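The lines below spell out each chain.
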There are 2 protein chains.
Amino acid sequence: MTDETTIRDLIARRAAAITAKDADGVLATEAADVVIAGLAPPLRYAGPAADTRHQMEAWFATWRGPIDYEIRDLQIVSSDTVAFCIGFVRIGGTKTDGEKNELWARQTLCLQKLGGVWKVVHDHHSVPFYMDGSLRAAIDLKPN
Amino acid sequence: MTDETTIRDLIARRAAAITAKDADGVLATEAADVVIAGLAPPLRYAGPAADTRHQMEAWFATWRGPIDYEIRDLQIVSSDTVAFCIGFVRIGGTKTDGEKNELWARQTLCLQKLGGVWKVVHDHHSVPFYMDGSLRAAIDLKPN
């Protein structure tokens, strides 16, 4: 497999693990010191994996059933040891209180080949916010 | 210069150009088809450079005088053709209506060596938002 094919497969497996709320499956795609910049505070958090697992499981627990997690327009730029991927991700489902919600975010994934294996070392996904008095997160945008 | 030194210098020049509201200086550090995921909607926008310049100049015009633009904790991971940088950025100053403001964002920059020259091909900077009823952008966070 080319590096790009390997990385595309890794990201697909990561997305499937998120849908299934399988923390072990997600962690298997990440370096131990992965740095995550997510939708909720803090600005970012980093490994060790125990902390990442704790954050992830707390987030998984806010959803009833599987999480819709669809990646769209994934572009991969890769050398033999360093790669990045940009795209959009749709995150949706039913929260534990029964409320359905869905949003689109932009996502940047950074990878390194470590010990011969590609790993996600940084995951940055976010939405912008409205620069009016509300400062509300723009959770109603779609990829154009 | 090593690739890392070259990239660090490029990012410092880019930051200085933003502070000076020098659109030509910023565009000189970017590939023509750069993809920007910024603080304000849309989810992201892309080159050609004319569009990027328009977005940038509109943002510059909202500030009175120079823009504080401080990058902190910059980590650079580079191969010979592909690199990414993660860090924090403090953006502040005085808006045209006289209001002072400042926030910290997390920033991911992705670069490629194109025609022998490193260029920024993707800039993703964002803040998270509060997962309470407010959905307010978390503009009061600091790097820990």
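No experiment lies behind these values; they were computed from the predicted model shown.

Student: For the overall build of chain A, give the residues involved together with the corresponding values.
Tutor: Looking only at helices and strands, chain A has three helices and six strands in total. Reading chain A from its N terminus to its C terminus gives the helix and strand order α-α-β-β-α-β-β-β-β. Scaling as 2.2 N^0.38, a compact globule of 144 residues should have a C-alpha radius of gyration of about 15 Å, and chain A matches this with 15 Å. In terms of overall dimensions, chain A has C-alpha extents of about 45 × 30 × 25 Å along its principal axes. Long-range pairs, those at least 24 residues apart, make up 51% of the contacts in chain A with a sequence separation of at least 6.

Student: How would you sum up the relation of the copies chain A and chain B? Please name residues and give values.
Tutor: Superposing chain A onto chain B takes a rotation of 180° plus a shift of 0.0 Å along the axis, which leaves an RMSD of 0.0 Å. Given the turn and translation reported, the copies of this chain are related as if by a two-fold rotation axis. The C-alpha atom lying nearest the rotation axis in chain A is that of Arg136 of chain A; the distance is 2.3 Å.

Student: Lay out the confidence of the model for chain A with the relevant residues and their values.
Tutor: Of the residues in chain A, 99% have a pLDDT of 70 or more, and the chain-wide mean is 95. The ipTM value of the predicted complex is 0.95, and its pTM value is 0.96.

Student: Please provide a residue-by-residue account of unusual backbone geometry, values included.
Tutor: All names here are of chain A. Cis rather than trans, the peptide bond between Pro41 and Pro42 has omega equal to 5°. Despite not being glycine, Lys21 has its phi angle at roughly 55°, a positive value. Considering the arrangement of structural elements, one finds Lys21 in the loop between helix 1 (3-19) and helix 2 (23-27). In the Ramachandran plot, Asp73 falls in the positive-phi region, its phi being about 60° despite a non-glycine side chain.

Student: Break down the pairing of strand 3 (residues 63-78) of chain B for me, with residues and values.
Tutor: Residues and elements named next belong to chain B. Both strand 3 and strand 4 (residues 82-95) contribute to a ladder of 11 bridges, which runs antiparallel. Across the sheet, residue Arg64 finds its bridge partner in strand 4, namely Thr94. The turn joining strand 3 and strand 4, which pair antiparallel and follow one another in sequence, is formed by three residues.

Student: So, helix 1 of chain A: which residues are in play, and what are the values?
Tutor: All names here are of chain A. The end-to-end C-alpha separation of helix 1 is 24 Å, in line with the 24 Å expected for 17 residues at 1.5 Å each. For helix 1, the full list of buried residues reads Ile7, Leu10, Ile11, Arg14 and Ile18. All buried residues of helix 1 fall inside an arc of 95° around its axis, so they share one side. Among the exposed residues of helix 1, those oriented more than 90 degrees off its buried face are Thr5 and Asp9. Looking at the packing, one finds that the buried side of helix 1 touches helix 2, strand 3 (63-78), strand 4 (82-95), strand 5 (100-114) and strand 6 (117-126).

Student: With reference to specific residues and values, describe the sheet that holds strand 1 (residues 30-37) of chain A.
Tutor: Whether parallel or antiparallel, the strands of a sheet pair through hydrogen bonds between backbone atoms. Residue and element names in this part refer to chain A. Taking strand neighbours across the sheet as the criterion, the six strands line up as 2-1-6-5-4-3 in an open arrangement whose pairing is mixed. If you trace the sheet from one side to the other, it starts and ends with strand 2 (45-46) and strand 3, each paired once. Here four bridges tie strand 1 to strand 6, and the two strands are oriented parallel to one another. Each bridged residue has a counterpart across the sheet, and for Val35 the counterpart in strand 6 is His122. Here helix 1 sits on the sheet and contacts strand 3, strand 4, strand 5 and strand 6; the angle it forms with strand 3, its principal contact strand, is near 165°.

Student: Can you tell me about the sheet that holds strand 5 (residues 100-114) of chain B, naming the residues and giving the values?
Tutor: All names here are of chain B. As summarised here, the arrangement of the six strands in space is 2-1-6-5-4-3, forming an open sheet in which the pairing is mixed. Taken across any chain shown, the strands that pair with only one partner, and hence form the sheet edges, are strand 2 (45-46) and strand 3. Here 13 bridges tie strand 4 to strand 5, and the two strands are oriented antiparallel to one another. Note on strand 5: the bridge partner recorded for Arg90 is Trp104.

Student: Give a description of the interface of chain A and chain B that names residues and reports values.
Tutor: Much of the literature gives interface size as the accessible area that the parts lose upon coming together. Taken together, the contacts link 39 residues of chain A with 39 residues of chain B. Those elements giving two or more residues to the side of chain A that touches chain B turn out to be strand 1, strand 3, strand 4, strand 5 and strand 6 of chain A. Here the side of chain A that touches chain B is composed, by residue class, of 25 nonpolar, 10 polar and four charged.

Student: Pulling in residues and values, what's your account of the environment of Leu27 of chain A?
Tutor: Here Leu27 of chain A lies in helix 2. Along the chain, Leu27 of chain A and Ser126 of chain A lie 99 residues apart, while their C-alpha atoms are 20 Å from each other.

Student: Give a detailed account of the nonpolar core, specifying residues and quantitative values.
Tutor: As a rule of thumb, soluble globular proteins bury nonpolar side chains together. Counting residues in each nonpolar core, the largest one holds 36 residues, and the members touching the most others are Phe84 and Leu111 of chain A together with Phe84 and Leu111 of chain B. Ignoring sequence-local partners within four residues, the contact set of Phe84 of chain B consists of Val82, Phe84 and Cys110 of chain A together with Val77, Thr108, Leu109 and Cys110 of chain B. Membership of the second largest hydrophobic core comes to 16 residues, among which are Phe88, Trp104 and Val127 of chain A together with Val127 of chain B.

Student: Tell me about the environment of Gly93 of chain A, and please be specific about residues and values.
Tutor: Residues and elements named next belong to chain A. With respect to the helices and strands, Gly93 occurs in strand 4. Here Gly93 falls in the partly exposed class, since 17 other C-beta atoms lie within 10 Å of it. In sequence terms Gly93 and Gly116 are 23 residues apart; their C-alpha atoms lie 36 Å from each other. Contacts of Gly93, omitting those with residues within four sequence positions, involve Trp63, Gly65, Pro66, Ile67 and Asp68.

What counts, and where the lines are drawn
Residues numbered from 1 in each chain as written. Chains lettered and ligands numbered in written order. Predicted model: local features only at pLDDT ≥ 70, side-chain atom pairs only at ≥ 80, totals over all residues. Helix = DSSP H or I, 4+ residues; strand = E, 2+ residues; numbered from the N terminus. Rg over C-alpha atoms; globule rule 2.2 N^0.38 Å. Contact = placed C-beta atoms within 7 Å. Least-squares fit on C-alpha atoms with pLDDT ≥ 70 in both. pLDDT = per-residue confidence, 0-100. Pairing = 2+ DSSP bridges. Expected span 1.5 Å × (residues − 1). Buried ≥ 20, exposed ≤ 12 C-beta atoms within 10 Å, placed from the backbone. Arc of directions from axis to C-beta. Axes fitted to C-alpha atoms, helices over the stretch in contact; angles between N-to-C directions. Nonpolar A, V, L, I, M, F, W, Y, C, P; charged D, E, K, R; others polar. Core = buried A, V, L, I, M, F, W, Y, C linked by C-beta atoms within 7 Å.

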